[in-house]
Amino acid sequence: MSYWQFSPIPNIEESNFNKILERFYNLKVAGLIRENIQNSLDGRLLDSEGPVKFSITTGTIQKKDVPGINEVIERIHSLKGRNSYTKEAIAHMVKTSEEEEVHYISFEDSNTRGLSGAKNGQSNSPKDTWAIYAYNKGVHSEEENAAVETSRGGSHGVGKIASNAASDLNVMYFANCDANGDQHLGGTVQLIEHNYKDQSYRSTGYFADITYLDANKSKSKFYPFKNNFHEVFEKKTRGLKIIIPFLRKEYSDETEIIRSVCDSFFVSILLNKLEVDVNGRKINADNIQEYVKDPEYYTQNIADMKHVFTPLYVSTYLEQPARTLQVSDGKDDYEFNLYFRYDEEIPKGRVAIVRTIGMKIEDKKVKNKANQPFNAVLIGGMKEDAYLKSLENESHTELTHDHIKDPVLQKRAKRFINNLSKAMTAVIDEAVKEHNPTDGKMDTKDLLYVSEIQFKQELSKAMGAVVIDKKKPVVKMDDDLPPGQDKKKSGTRKKLTPPMIKPVKRDRSADDTDSTDDKPVSIFNIHPNTVERLLMGNKEIVRFNLSSNEEVNKAFTCNVSISIIDGMGQEYRSAFKLKDNFSQVIDKSTGSTCSLNNNKINHVTINKGVAELTFDLKSNYNRALKFVYYVEV
């Protein structure tokens, strides 16, 4: 008896592996977890209020206990690579197939419906979900209930192949127990079109029995096997179990598996729609916060959360009130619940786009706001869910208009995505304004008078006079050089660029109380172009790029002093008192508080030519002041 069936073809036309395999392989564990949990949530029991229970198990199994695997290996030895990629892939499959003990991963769900109609085998009935799942690519079964169909995560029908991509041999099995308690085992393997025993075959093989419908064997039908195989492949309770033998080593990381569950399904878990067991470690609504607050799984320093934002999303979703965000595609309006948090410690602003099923689609960057200090979770209702579903890419990781062929719908989708960014921008700008109020008032009449006089004088130098009506001369700008600079004359030497960091003489003031250790060797004036300042609420972050000066760049620490400069460029060296304006100054490289002796910030760390400080501002601090900075090394 043969366990694997490949459809014969007259000639080999396609010599590459299915390109979707590579796409899901690049998504690694996160893509595998996402697709399989999503399928289980889609298959939930509709009359049950309990959560879908999903169990993930990793382990090893003897090759001889993998059903029919020797037939697959025999086919692999017949494959012929016709380019470097397929040759390398086939060589890897041959080498891996020689192992006697192999890794596997299984995904088993309960409180789900499982697949129906396995007894009917390869049927065309839309009610036989076994046939659709087992023998149809790019197709997913549709729910009779429109609301249930809308909330389903799957839509493209290509996610089934995610499990094949996790196997070194591109092989996966699925065990099913239906409502009647009938237990069957199926499976697929993704090879390339090949010639086997003088016959050419398609690339996909099915773990199935075959029945011929006529005497010439021109028509056939696949049927699944009753499940009497090794216990790893058993499924005795209603639902579905996916088993992937010859698991790629990078998919066995338990920490990464748990992290992937929390990343994509934190809303499902918090809403008690899903419980996940990973090798005996349960993740549910009661304890998911223990995982996202555990440094084993996630960095806990908010300033370091630049790529993974799940701890922020969870706290935002639980702690912030929902507000309404309306987004239009130009024809229809969509209303979402937005959970928004503004926190000046957040380094990267992202919006978690979440479907009603509780699956996160994307960490969306808002245009021109990716580095703003906020975090948000966006969830719509059924109407919004249906629209988001139409915008998802095949792997459900991005909202895009690229795959929409209808030009009208594509234009609306593009407008919706742009409007979503605009709506979020308004929310972010409002939060920034709220947390950074304009403070103080300034009498500017004298400043404006002086500036106006100087402006007229400088303008007259930079412009040439032109008489138009023989009465009143007017002027016309003849170049865009700054005032005081002449155009380069032929033959003159090119003016050298002034140094960004230049040495200055030490201030020998009488109140210099530096200790011997604090006494600097050299003092440098820092050009404004090398200093970045960011004011946020009661904090100011200042970053010095000292790399342009070799002597400063080599130093490990420096002292920093600050002078006030007015609008005319006049400097006041001792007018600004650090202790009167800052409650504390933090060295960002070490996180330690800097001492403020002799009106200087002492022992600031220089890391790769950069020094960064965070100032905690007192209420009397004047945010309009301009400074000149000095570093001492």
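The following paragraphs examine the structure supplied in this document. (Residues numbered from 1 in each chain as written. Predicted model: local features only at pLDDT ≥ 70, side-chain atom pairs only at ≥ 80, totals over all residues. Heavy atoms only, no water.)

A few words now on the overall build of the chain. The secondary structure content of the chain amounts to 14 helices and 31 strands. Among the 633 residues that make up the chain, the fraction classed as buried is 47%. Partitioning the contacts of the chain with sequence separation of at least 6, the portion at a separation of at least 24 is 71%. (Helix = DSSP H or I, 4+ residues; strand = E, 2+ residues; numbered from the N terminus. Buried < 20%, exposed > 50% of the residue type's maximum accessible area, 1.4 Å probe, protein only. Contact = heavy atoms within 4.5 Å.)

Another aspect to go through is the sheet that holds strand S16 (residues 350-354). The strand order across the open sheet built from 5 strands is S14-S15-S18-S16-S17, with neighbouring strands paired in mixed fashion. Strands at the two margins of the open sheet, each flanked by one partner only, are strand S14 (322-328) and strand S17 (360-364). Strand-to-strand twist in this sheet, taken as the mean axis angle between neighbours without regard to direction, amounts to 25 degrees. Sheet analysis places S14 next to strand S15 (residues 333-342), joined by 7 bridges and oriented antiparallel. (Pairing = 2+ DSSP bridges. Axes fitted to C-alpha atoms, helices over the stretch in contact; angles between N-to-C directions.)

Time to look at the environment of Cys-262. Looking at where Cys-262 falls in the secondary structure, it is placed in helix H7 (residues 254-270). C-alpha separation for the pair Cys-262 and Met-359, spaced 97 residues apart in sequence, amounts to 9.9 Å.

Before going further, it helps to spend a moment on the pattern of salt bridges. Summed over all chains, the structure comprises 22 salt bridges. Lys-235 serves as the salt-bridge partner of Glu-108, at 3.1 Å between the closest nitrogen and oxygen. Placement of the pair is Glu-108 in strand S3 (residues 101-110) and Lys-235 in the loop between strand S10 (225-226) and strand S11 (239-245), with a sequence separation of 127 residues. Classification of Glu-108 as partly exposed rests on a relative accessible area of 24%. By relative accessible area, Lys-235 is classed as buried at 1%. Note that Arg-573 is salt-bridged to Glu-571, the shortest N-O span being 3.5 Å. Looking at Arg-573, the relative accessible area reads 38%, which means it is partly exposed. Judged by its relative accessible area of 25%, Glu-571 is partly exposed. One salt-bridge network, in which partners are shared between bridges, spans Asp-329, Asp-332 and Arg-412. (Salt bridge = Lys/Arg side-chain N within 4 Å of Asp/Glu carboxyl O.)

A separate point is the sheet that holds strand S23 (residues 531-536). Spatially, 5 strands are ordered S23-S24-S30-S27-S28 in an open sheet, and the strand pairing comes out antiparallel. The two strands at the open ends of the sheet, each matched to only one other strand, are S23 and strand S28 (592-593). As judged from the 5 bridges shared by strand S27 (residues 582-587) and strand S30 (residues 610-617), these two strands associate in the antiparallel manner. Paired with Phe-582 across the strands is Leu-617, a residue of S30.

This part covers the environment of Lys-160. Position of Lys-160 relative to the elements: it lies in the loop between helix H5 (146-151) and helix H6 (161-165). Residue classification places Lys-160 among the buried residues on the basis of a relative accessible area of 17%.

Another point: helix H11 (residues 407-435). In this model H11 runs 42 Å from its N-terminal to its C-terminal C-alpha over 29 residues, within 8% of the 42 Å that 1.5 Å per residue would give. Put simply, Asp-406 is the residue that caps the front of H11, since its side-chain oxygen is 2.8 Å from the backbone nitrogen of Val-408. (Expected span 1.5 Å × (residues − 1). Polar contact = N/O pair within 3.5 Å; in protein donor to acceptor, adjacent residues only side chain to side chain.)

For the rest of this paragraph, the subject is the packing of helix H1 (residues 19-42) against H7. Across the interface, H1 lies against H7 with an axial gap of 9 Å and an inter-helix angle of 45 degrees. One way to sum up the angle between H1 and H7 is to call them oblique. Read as a crossing pair, H1 and H7 show a hand that is right-handed. Note on element contacts: H7 touches H1 through Glu-256, Ile-257, Ser-260, Val-261, Ser-264, Phe-265 and Ser-268, opposite Val-29, Ala-30, Ile-33, Arg-34, Ile-37, Gln-38 and Leu-41. Of the residues that constitute the contact of H1 with H7, the class distribution is 8 nonpolar, 4 polar and 2 charged. (Parallel < 35°, antiparallel > 145°, perpendicular 65-115°, else oblique. Left-handed = near helix turned anticlockwise from the far one by under 90°. Nonpolar A, V, L, I, M, F, W, Y, C, P; charged D, E, K, R; others polar.)

Next up on the list: the nonpolar core. One recurring pattern in soluble globular proteins: nonpolar side chains tend to sit buried together. Among the nonpolar cores identified, the biggest contains 89 residues, and Ile-56 and Phe-340 are the most heavily contacted of them. Membership of the second largest hydrophobic core comes to 38 residues, among which are Ile-69, Val-72, Ala-165 and Leu-185. (Core = buried A, V, L, I, M, F, W, Y, C linked by side-chain atoms within 4.5 Å.)

Packing of helix H10 (residues 382-391) against H11 leaves a shortest axis separation of 11 Å and a crossing angle of 110 degrees. The angle between H10 and H11 falls in the class roughly perpendicular. In this structure, H10 crosses over H11, and the sense of that crossing is left-handed. Together, Tyr-387, Leu-388 and Leu-391 of H10 and Arg-412, Ala-413, Phe-416 and Ile-417 of H11 make up the contact between the two elements. Class assignment for the residues of the contact of H10 with H11 results in 6 nonpolar, no polar and 1 charged.

Residue position: Ser-167 is located in the loop between H6 and strand S4 (171-177). Beyond its immediate sequence surroundings of up to four residues, Ser-167 is in contact with Ile-244, Pro-245, Phe-246 and Arg-248.

This paragraph deals with helix H2 (residues 69-78). Those residues of H2 lying buried are Ile-69, Val-72, Ile-73, Arg-75, Ile-76 and Ser-78. At its buried positions, H2 is contacted by strand S1 (4-9), helix H3 (84-96), S4, strand S5 (183-190), strand S6 (194-196) and strand S7 (199-207).

The next thing to look at is unusual backbone geometry. Positioned with a positive phi, Lys-217 is a non-glycine residue whose angle comes to about 60 degrees. Of note, Lys-217 is situated in the loop between strand S8 (209-212) and strand S9 (220-223). The residue His-603 is not glycine, and still its phi comes out positive at about 55 degrees. Relative to the helices and strands, His-603 resides in strand S29 (residues 601-605).

Next up on the list: the packing of aromatic side chains. Two numbers describe a pair of aromatic rings. These are the distance of the centres and the angle of the planes. Applying the stated rule across the entire model yields 34 aromatic pairs. Relative to Tyr-85, the ring of Phe-17 lies with its centre 6.4 Å away and its plane at 85 degrees, an arrangement referred to as edge-to-face. You can see Phe-17 sitting in the loop between S1 and H1 and its partner Tyr-85 sitting in helix H3, a full 68 residues away along the chain. Here Tyr-85 falls in the partly exposed class, since its relative accessible area comes to 38%. Ring centres of Trp-130 and Phe-174 lie 4.9 Å apart, and the angle between their planes is 55 degrees; this geometry places the pair in the tilted category. With Trp-130 in helix H4 (residues 129-135) and Phe-174 in strand S4, the pair connects residues that are 44 residues apart, well separated along the chain. Like Trp-130, the residue Phe-174 is buried in the burial classification. Within the aromatic cluster, the residues linked to one another by ring pairs are Tyr-3, Trp-4, Tyr-173, Phe-207, Phe-225, Phe-229 and Phe-233. Sitting over the face of the ring of Tyr-201, Arg-75 holds its NZ or CZ atom 4.4 Å from the ring centroid. (Phe/Tyr/Trp six-rings, centres within 6.5 Å; stacked < 30°, edge-to-face > 60°. Lys NZ or Arg CZ within 6 Å of the ring centre and 35° of its normal.)

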